[in-house]
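A closer look at the structure
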Amino acid sequence: MIVINNYVNGEFIESTNGCTIDNFNPATNEKIAIIPQSSAKDIINAVDACKASKSSWAKLTIHERAEWLDKIADELNNRFEEIATLESLDTGKPISLARNVDATRSVNNFRFFADLARKMKKTQFEMNDAMNNVINKPVGIAGLITPWNLPLYLLSWKVAPALVMGNCVIAKPSELTPMTANLLAEVIHNVGLPKGVFNLVHGYGNSCGQALVEHPDINLISFTGGTATGKIVAKSAAPMFKKISLELGGKNATIILDDADIISNIDNIVKSAFLNQGQVCLCGSRILVHESIYNSFLKQFLKSISTMKIGDPLDENTKLGSLISNEHLEKVESYVNLAKNEGGEIIIGGKRPNLNGKISEGAFFEPTVIVGLNHNSRTATEEIFGPVVTIHQFNDIEDAINIANCTKYGLAASIWTEDTKLGESIAKKLDTGMVWINCWLHRDLRVPFGGVKSSGVGREGGFYSLEFFSELQNICTFFNS
Ligand code: NAD
C-alpha cells in the first residue's frame, strides 16, 4: 500500500485539509493506495504555482520545451514495466494490454508531441502592402481532467501538447486510478522540470474537479470522461469563456456488410467489442450485421469470444481482466437485466465468472452478447461501458446507416466490407467523428480525434492539439513605403 500526495509547485504534499481517499485494486478488492481528497484550496495553491512560473516557461522556445518532453519520455520509458504493472493493479486490466497499449502510448505521446512541435511551420499571409504572421501563444494555465479507463495514456495525451505549447498545467486524474499520474509527477520531478509548470491534484470530481473548472484563472479545460459530467463541466466553464475540449462517451456501431471477410477479421471485431473489458470509449458495442451473413457471423463471433481467457490481470495469458470497480460492475449487470426486460436474449455471458483465489471477489464480468433487441431500446442506445454488445440485423445499407445514427452519441464507427469505396461512402453518412474501415483503433496520432453530438466538442490529436493548447494571434505588419 502506498501513500500518494499531490504535486504542487515542485513538491509532493498532502491535501491542505488532510483528508484522503482509499484506492483499491478492483481485481482483488485490496487497498493499494491512499490519495489526497483535495479541495478548492489545493486548486488555488496549484494555480498560484502556475502563475509564478508561467512567464519563464512561456519564454522558452518551442524547441527547448520539446527537449523537456523528450526527457520525460526517456524517463517514462525507463519505468515502462512499472507503468504497466501500476496500470494493471489500478484498473484490473490485463498486464499485456497495459504494456502494449497504456505504457507504450504514454511514452509515445511525449515523443510524438516533441517531434510534432519541432515541425511546426510559420503561418503567413502576404498582402500587397502588408504581411500577416499568425503565431501560437500559450493559453496560460491548462486544467486537464481525465477518466480511469486509460489513465496515463489519456493524461499524457493532454499534458504533452499543453506543456510543449508553453502552458502551465494542473492535472486532475480519476480518483479511481491515481497511480500512474503520480508516477508521471515523479518522472517530471526527477528530470527537473521547473517547479510550478506541472501540478497534479488528486480528489473527487464534484469537489476538486469542479473547483478546477470553476477557477477563473484557469484559461483552458481539456476534459475526457462521461457525457453527463461533460455537461456539468461545459456549464461551469462556458460563462468564463474558457477554451474547452470535451471528449465524452460513445455507443459505437460496428457495421458488417454482406461481403465482409469475416474469417480474417473476426478477431479484430471481437477486440473492438471487448478490449479493456469493453471499457474503451471507441468500443463497438452495437454490431449491425447484414441478415444474409448473420448466422455465419454469429458462429464465428461466439467461437472467438469463447477463447478469451478471463482471469488474473497479472497473468500474461489473461485477455479479459476485471472492470474498474464493483459499483461499475453493478451498473453493467443492471443493463443486462434491463436487456432481459426489453426482450433481449443473452446468448453468451451475462454473469460474473467463477474465479478462484485472490480474484474470486473481483469486479469481473463475462463477455456478453445480446440479440433480439430493438435497435432503439435503452440497452442498445445507452453507453454501458462494459463487456456487453448487442447485435442487430439489417437488410439494406440505408437501414444500417439509420440504425448506426439513432443514438445520441457520435464518437466512432467501424465498417467491414471488401468494397472499400462503398465503405467510404457509408462512412460519410455516419454522424461520428471517426470511422475505421476494415480495422479498429488503428491510430495515427496526427489525425483529429473526437466526436459529435453527445460524444463531445472539439478535436485533439496532432496539430489539432497544438492549436487547441495555444492561442492564435495574427500580427499584421504594414510594409514601410
Ligand atoms: P467521469 O465523467 O465520471 O469522470 C471523468 C473525470 O471527471 C474524473 O477525473 C472525475 O473525477 C472528473 N469529474 C467528475 N465530476 C466532475 C465535475 N463535476 N467537475 C469536474 N470534473 C469532474 O468518467 P469516468 O467514469 O471516469 O470515465 C468513463 C467515461 O469516459 C465513459 O463515458 C467513456 O466513454 C468516457 N471516455 C471518453 C473518451 C473519449 O476520448 N471520448 C476516452 C475515454 C473515456
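What counts as what
- Residues numbered from 1 in each chain as written.
- Predicted model: local features only at pLDDT ≥ 70, side-chain atom pairs only at ≥ 80, totals over all residues.
- Heavy atoms only, no water.
- Helix = DSSP H or I, 4+ residues; strand = E, 2+ residues; numbered from the N terminus.
- Buried < 20%, exposed > 50% of the residue type's maximum accessible area, 1.4 Å probe, protein only.
- Core = buried A, V, L, I, M, F, W, Y, C linked by side-chain atoms within 4.5 Å.
- Contact = heavy atoms within 4.5 Å.
- Near = heavy atom within 4 Å.
- Polar contact = N/O pair within 3.5 Å; in protein donor to acceptor, adjacent residues only side chain to side chain.
- Areas by Shrake-Rupley, 256 points an atom, 1.4 Å probe, with all protein chains shown as cover.
- Domains from an automatic or database assignment.
- Buried area = accessible area lost by both parts, 1.4 Å probe.
- Salt bridge = Lys/Arg side-chain N within 4 Å of Asp/Glu carboxyl O.
- Expected span 1.5 Å × (residues − 1).
- Pairing = 2+ DSSP bridges.
- Phe/Tyr/Trp six-rings, centres within 6.5 Å; stacked < 30°, edge-to-face > 60°.
- Lys NZ or Arg CZ within 6 Å of the ring centre and 35° of its normal.
- Axes fitted to C-alpha atoms, helices over the stretch in contact; angles between N-to-C directions.
- Disulfide = S-S within 2.5 Å.

1. A word on the environment of Ser470
- Mapped onto the secondary structure, Ser470 falls in strand E23 (residues 470-478).
- For Ser470, a relative accessible area of 0% corresponds to the buried category.
- Separated by 309 residues in the primary sequence, Ser470 and Pro161 have C-alpha atoms spaced 9.3 Å apart.

2. Focus on the nonpolar core
- Ranked by internal contacts, the top residues of the largest apolar core, which has 79 residues, are Ile72, Leu76, Phe110, Leu163, Ile170, Leu184 and Phe198.
- Sorting elements by how many residues they give to this core places helix H4 (residues 95-118) first, with 10 residues.
- In contact with Leu184, not counting residues within four places along its chain, are Ile72, Leu76, Phe110, Leu152, Leu155, Val159 and Phe198.
- Formed by 43 residues, the second largest nonpolar core is a distinct cluster that contains Leu97, Ile269, Ile324 and Val369.

3. Points about the site of the ligand
- Close contacts around the ligand come from 30 residues, with Lys172, Glu175, Thr229, Leu248 and Glu383 the closest.
- Within the side chain of Glu175, one N or O atom sits 2.7 Å away from an oxygen atom of the ligand.
- Within the backbone of Leu248, one N or O atom sits 2.7 Å away from a nitrogen atom of the ligand.
- The fraction of the free accessible surface of the ligand (850 Å²) that becomes covered by protein chains is 89%.

4. Observations regarding the domain arrangement of the protein
- Along its sequence, the protein is carved into domain 1 (2-248 + 455-476) and domain 2 (253-444).
- Between domain 1 and domain 2, the C-alpha centre-to-centre distance is 30 Å.
- Contacts between domain 1 and domain 2 engage 25 residues on the former and 33 residues on the latter.
- For the domain 1 and domain 2 pair, buried surface summed over both sides reaches about 2300 Å², with 56% attributable to carbon and sulfur atoms.
- In this structure, the salt-bridge partner of Arg99 is Glu316, at a minimum N-O distance of 3.0 Å.
- Our count for the contact surface shared by domain 1 and domain 2 stands at 10 residue pairs in polar contact (both at pLDDT 80 or more).
- Every element with two or more residues in the side of domain 1 that touches domain 2 is listed here: helix H3 (80-91) and H4.
- Here the element with the most residues in the side of domain 1 that touches domain 2 is H4; it accounts for five residues.

5. A short note on helix H9 (residues 262-274)
- In this model H9 runs 17 Å from its N-terminal to its C-terminal C-alpha over 13 residues, within 8% of the 18 Å that 1.5 Å per residue would give.
- Taken residue by residue, H9 has Ile262, Asn265, Ile266, Ile269, Val270, Ser272, Ala273 and Phe274 as its buried positions.
- Taken together, the buried residues of H9 touch strand E13 (252-256), strand E14 (284-290), helix H10 (294-306), strand E16 (368-371), strand E17 (388-394) and strand E19 (412-416).

6. Topic: the pairing of strand E6 (residues 123-126)
- As paired strands, E6 and strand E7 (residues 130-138) are joined by four bridges and run antiparallel to one another. Residue pairing across strands places Glu126 opposite Met131, the latter belonging to E7.
- Linking E6 back to E7 in an antiparallel pair, the connection comprises three residues.

7. Re the packing of aromatic side chains
- Applying the stated criterion to the full structure yields eight aromatic pairs.
- Taken together, a centroid distance of 4.6 Å and an interplanar angle of 40° make the contact between Tyr7 and Phe12 tilted.
- Assessed through its relative accessible area of 3%, Tyr7 is described here as buried.
- Geometrically, the ring pair formed by Tyr7 and Phe198 is tilted, given 6.4 Å between the ring centres and 35° between the ring planes. Placement of Tyr7 in strand E2 (residues 6-8) and of Phe198 in strand E10 (residues 198-200) is noted, with a sequence separation of 191 residues between them. Each of the two residues, Tyr7 as well as Phe198, counts as buried.
- Positioned over the ring face of Trp68 is Lys71, at 4.1 Å from the centre of the ring.
- Above the plane of the ring of Trp157 lies Arg105, whose end atom (NZ or CZ) is 4.8 Å from the centre.

8. Thoughts on the sheet that holds E14
- Across the sheet, seven strands lie side by side as E15-E16-E17-E14-E13-E19-E20; this open sheet has mixed pairing. One side of each edge strand has no neighbouring strand; the edge strands of this open sheet are strand E15 (345-348) and strand E20 (434-437). Geometrically, the sheet is characterised by an average inter-axis angle of 25° between neighbouring strands, direction not taken into account.
- Across four bridges, the pairing between E16 and E17 is parallel. Paired with Thr368 across the two strands is Val388, which belongs to E17.
- Of the strands in this sheet, E19 and E20 are in contact with helix H14 (residues 420-428), which crosses E20 at around 165°.

9. Overview of the state of the cysteines
- Taken as a whole and assessed by the stated rule, the structure comprises zero disulfides.
- Cysteine Cys208 shares no disulfide, and the gap to the nearest cysteine sulfur, in Cys19, comes to 12 Å.
- A relative accessible area of 0% places Cys208 in the buried class.
- Of all cysteine sulfurs in the structure, the one in Cys283 sits closest to Cys406, which takes part in no disulfide; the separation is 18 Å.
- On the accessibility criterion, Cys406 (26% relative accessible area) is partly exposed.

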